[in-house]
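Now for the letters of each chain:
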Amino acid sequence: MRMVPERGRTVAVLAYDGMSPFETGIVTEVFGLPRPELEVPWYDLTVCAERPGPLRIVGGATIDTRYGLDVFASAQTLIVPGISDVRGECSPELVAALRLAHGRGARIVSICSGAFALAAAGLLDHRRATTHWQYAGLLRRRFPRVRVDPDVLYIDDGDVLTSAGSAAGLDLCLHLVRRDHGPSIANAVARRLVIAPHREGGQAQFIEAPMPHDLDDDRIAQTMTWVLSDLRQEITVESLARRAHMSTRTYLRHFARCTGTSPIRWLITQRIQASLPLLEKTSLPIEEIARTVGFASPVTYRSHFVRAMHTSPSVYRRAFSGPVTTNLS
């Protein structure tokens, strides 16, 4: 029989056919490696599958486990690091295992697309949850009872925790260690992994925000193209409506139908996005970047940046800057 550490927690991670080994590797690295130097009872990790046996992983290799859903459902912490098809249905057996474990008080965790399995089991109903930003819209459409937040790296809702894509699983796993053993132990694990014990900001800073494609209203598309041609110009809803030959009210209605947002919110997003390459690739002062992308003042720019990106322009620059230049050519 597998022995459970006196103060530790049994952790089970679900492997599945066709998976990338990265997310499962995160869990193994944090919870599976023995850490006697920390002098605290560590976790007891088991890799499980819906059906024991060999599973294919990306790259042509296989992983083989003899543990099935019965062992998975019996753990104190269950981690679903992803699913094979975000548009398909989860198996009734997996749904039943998640519900059984949750019903007896286990801690349920998802990484990336694993949130779809938790949602299928009803564990995210009326809760805030996150997933990879690419899947956020689909998760919201498939499971409208879930309060999807695509901006954060992870969400701790007590007995159910969800994280964004791939590497955000590291943030959540470290958070679990911090919850169980305190910040000193979590910081020690982070140092051994050579990562920051806590990352500032959320996944909003990684989201690509291109201009909406396939708009069914050329008038709206043309005004958006005009805006993007020079973000420094003064732009109002009234000026956009005039260019589209619409009343302001009609323009607002058509814009919302085409894009799902308002013209001003879309404009702010485009200005923030236009500022990112300047933060990443130039040494221009924040004040000059604000003017270049059309914000009235650096204060306004910083305020909108923090609201959109969940971090400041300066912190973003430190995280993402490479070799810099001093001009825009």
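Every chain's residues receive numbers from 1 upward, in the order its sequence appears when written. Given that the model is predicted, a residue must reach a pLDDT of at least 70 before its local features are reported, and side-chain atom pairs must reach 80 or more before they are shown or counted; all residues, however, enter totals for whole chains, interfaces and linings. Excluded from the side-chain calculations are hydrogens and water; all other atoms, namely the structure's heavy atoms, are used.

1. Focus: the overall build of the protein chain
Now for step 1: Helix and strand counts for the protein chain stand at 14 helices and 10 strands.
Now for step 2: Here the protein chain holds 329 residues, and the buried ones make up 47% of them.
Now for step 3: Counting every atom, the protein chain has about 16500 Å² of accessible surface; 52% of that belongs to carbon and sulfur. Where helices and strands are cited, they refer to DSSP runs of H or I of at least four residues and of E of at least two residues respectively, numbered from the N terminus. Here's how the labels work: a residue is buried when its accessible area is under 20% of the maximum for its type, exposed when over 50%, partly exposed in between, all with a 1.4 Å probe on protein chains only. With residues, only the protein chains shown are counted as cover, and all accessible areas are computed by Shrake-Rupley using a 1.4 Å probe.

2. Observations regarding the sheet that holds strand 10 (residues 160–163)
Now for step 1: What the six strands build is an open sheet, ordered 2-1-5-6-10-9; its pairing is mixed. With partners counted over all chains shown, the strands left at the sheet margins are strand 2 (44–49) and strand 9 (154–156), one partner each. For this sheet, the mean angle separating the axes of adjacent strands, direction not counted, is 15°.
Now for step 2: Two strands are counted as paired when DSSP detects at least two bridges linking them. The pairing of strand 6 (residues 107–111) with strand 10 spans four bridges and is classified as parallel. From the neighbouring strand, V109 faces strand 10, where its bridge partner is L161.
Now for step 3: Residue contacts follow a heavy-atom distance rule, with two residues in contact if any of their heavy atoms lie within 4.5 Å. Angular values range over 0 to 180 degrees, each being the angle between N-to-C directions of two axes fitted as lines to C-alpha atoms, with helices fitted over their stretch in contact. In the packing of helix 6 (residues 168–181) onto the sheet, the strands contacted are strand 6, strand 9 and strand 10, and the crossing angle to strand 10 comes to about 150°.

3. Quick word on the nonpolar core
Now for step 1: For our purposes a nonpolar core is just a set of buried Ala, Val, Leu, Ile, Met, Phe, Trp, Tyr and Cys residues, chained together by side-chain atoms within 4.5 Å. Ranked by size, the top nonpolar core spans 36 residues in total, and within it F72, L78, V80, L98, I108 and L124 carry the most contacts.
Now for step 2: At the level of elements, strand 1 (10–15), helix 2 (69–74), strand 5 (77–80), helix 3 (92–103), helix 4 (115–120) and helix 5 (136–142) are the ones that each hand at least two residues to this core.
Now for step 3: Every residue in contact with V80, bar those within four places of it in the chain, is listed here: L14, F72, L98, V109, S110, I111, G114, A117 and L118.
Now for step 4: Ranked by size, the runner-up nonpolar core spans 27 residues in total, among them V11, I111, L176 and L193.

4. Quick look at helix 7 (residues 183–193)
Now for step 1: What helix 7 keeps buried is the set I185, A186, A188, V189, A190 and L193.
Now for step 2: Those residues of helix 7 hidden inside the fold are in contact with helix 1 (21–32) and helix 6.

5. Some thoughts on the packing of helix 6 against helix 7
Now for step 1: As a packed pair, helix 6 and helix 7 sit with axes 7 Å apart at the nearest point and diverge in direction by 145°. Here helix 6 and helix 7 pass one another in a crossing that is right-handed. Where helix 6 approaches helix 7, its residues L170, L174, V177, R178 and H181 are matched on the opposing element by P183, I185, A186, V189, A190 and L193.
Now for step 2: Its residues assigned to classes, the contact of helix 6 with helix 7 shows nine nonpolar, one polar and one charged. It is the rotation of the near helix from the far one that decides the hand of a crossing: anticlockwise by less than a right angle makes it left-handed, clockwise makes it right-handed. In the scheme used here, Gly and all other residues not listed as nonpolar or charged are polar, with Ala, Val, Leu, Ile, Met, Phe, Trp, Tyr, Cys and Pro taken as nonpolar and Asp, Glu, Lys and Arg as charged.

6. With respect to the packing of aromatic side chains
Now for step 1: In this analysis, rings of Phe, Tyr and Trp, with Trp reduced to its six-membered ring, are considered paired at centre separations within 6.5 Å, and the interplanar angle assigns stacked below 30 degrees, edge-to-face beyond 60, and tilted for intermediate values. Tallying each qualifying case throughout the model produces nine aromatic pairs.
Now for step 2: On the numbers, 5.8 Å between centres and 40° between planes, the contact of Y251 with F255 is tilted. Residue Y251 and its partner F255 are both found in helix 10 (residues 248–259); the two are separated by four residues, about one turn of the helix. Both residues of the pair, Y251 and F255, belong to the buried class.
Now for step 3: Both rings, one in F255 and one in W266, keep their centres 6.0 Å apart while their planes meet at 70°; by these two values the pair is edge-to-face. With F255 in helix 10 and W266 in helix 11 (residues 263–281), this residue pair connects regions lying 11 residues apart in the sequence.

7. Focus on the pattern of salt bridges
Now for step 1: A pairing counts as a salt bridge when a side-chain nitrogen of Lys or Arg comes within 4 Å of a carboxyl oxygen of Asp or Glu. Per the counting criterion, the structure on display carries 13 salt bridges.
Now for step 2: Where D125 meets R145, a salt bridge forms, and the shortest distance between an N and an O atom there is 3.6 Å. Of the two residues, D125 sits in the loop between helix 4 and strand 7 (128–129) while R145 sits in the loop between helix 5 and strand 8 (147–148), which places them 20 residues apart along the sequence.
Now for step 3: Here R179 and D156 are joined by a salt bridge, their closest N and O atoms 2.9 Å apart. With R179 in helix 6 and D156 in strand 9, this pair connects stretches of sequence that are 23 residues apart.
Now for step 4: For D156, a relative accessible area of 31% translates into the label partly exposed.

8. Observations regarding the confidence of the model for the protein chain
Now for step 1: Confidence in the prediction for the protein chain averages 86 pLDDT; 89% of positions are at 70 or higher.
Now for step 2: The predictor attaches a confidence to each residue, and that confidence, scored 0 to 100, is pLDDT. Scored below 50 in pLDDT, residues 1–8 shows 16 contacts in the model against residues more than four places distant or in partner chains.
Now for step 3: Note on residues 207–214: pLDDT under 50 across the span, and 15 contacts to partners over four residues away in sequence or across chains.

9. Examining the environment of S163
Now for step 1: Note that S163 resides in strand 10.
Now for step 2: Residues S163 and P150, spaced 13 residues apart in sequence, show a C-alpha to C-alpha distance of 9.7 Å.
Now for step 3: Residues in contact with S163, not counting those within four places in the same chain, are S110, I111, C112, T130, T131, L153, Y154, A168, G169 and L172.

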